[in-house]
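Each chain is listed here by its residues.
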Amino acid sequence: MENYISQQLILFCGAALLGLVLGLAYDLLRAVRRRCAALLIACDVLFCIAVAAGVIGYTLQAAGGELRIYLLLGTLLGAVFYFCVLS
């Protein structure tokens, strides 16, 4: 199996987009947590499940089941970009 840089770049950009979406989900859940303190743990658990499902689902679907470090890095950088620029 050959690795092409263009395919890796597309996967990296998709992972960054996943990070942006997860950052948006965190902001939406943060609004709920601030409004109702009783939902704090439930919102945190829901977010952790969303992150795990998003990363595993994206890895299985787009990357053919191979977890690559650049996919995790892309997700992290997408989330950091969201929190620094858009949040």
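Refer to the preceding data block for the structure.
What counts, and at which threshold
- Residues numbered from 1 in each chain as written.
- Predicted model: local features only at pLDDT ≥ 70, side-chain atom pairs only at ≥ 80, totals over all residues.
- Heavy atoms only, no water.
- Phe/Tyr/Trp six-rings, centres within 6.5 Å; stacked < 30°, edge-to-face > 60°.
- Buried < 20%, exposed > 50% of the residue type's maximum accessible area, 1.4 Å probe, protein only.
- Core = buried A, V, L, I, M, F, W, Y, C linked by side-chain atoms within 4.5 Å.
- Helix = DSSP H or I, 4+ residues; strand = E, 2+ residues; numbered from the N terminus.
- Contact = heavy atoms within 4.5 Å.
- Expected span 1.5 Å × (residues − 1).
- Arc of directions from axis to C-beta.

Section: the packing of aromatic side chains
Next, step 1: Here the structure, examined in full by the defined rule, presents three aromatic pairs.
Next, step 2: When the centroid spacing of 5.5 Å and the interplanar angle of 75 degrees are considered together, the rings of Y82 and F83 count as edge-to-face.
Next, step 3: Its relative accessible area of 8% is what places Y82 among the buried residues.
Next, step 4: Through pairs of rings, three or more aromatic residues link up here, namely Y26, F47, Y82 and F83.

As for the nonpolar core
For soluble globular proteins, the rule of thumb is that nonpolar side chains tend to be buried together.
Next, step 1: By size, the foremost hydrophobic cluster in this structure holds eight residues: L11, A15, L18, L22, V55, Y58, A63 and L71.
Next, step 2: Taken together, the elements giving at least two residues each to this core come down to α1 (5–35) and α2 (40–62).
Next, step 3: Among the elements that line this core, the one with the most residues is α1, at four residues.
Next, step 4: For L22, the contacting residues outside a window of four places in its chain are F47, A50, V51 and T75.

Brief notes about helix α3 (residues 69–86)
Next, step 1: Given a rise of 1.5 Å per residue, 18 residues ought to cover 26 Å, and the 25 Å separating the end C-alpha atoms of α3 matches this to within 8%.
Next, step 2: Restricting attention to buried positions, one finds in α3 the residues L71, G74, T75, G78, A79 and Y82. With its buried residues spanning 130 degrees around the axis, α3 presents them on a single face. Exposed side chains of α3 directed beyond 90 degrees from the buried face belong to I69, L76, C84 and V85.
Next, step 3: The secondary structure elements touched by the buried residues of α3 are α1 and α2.

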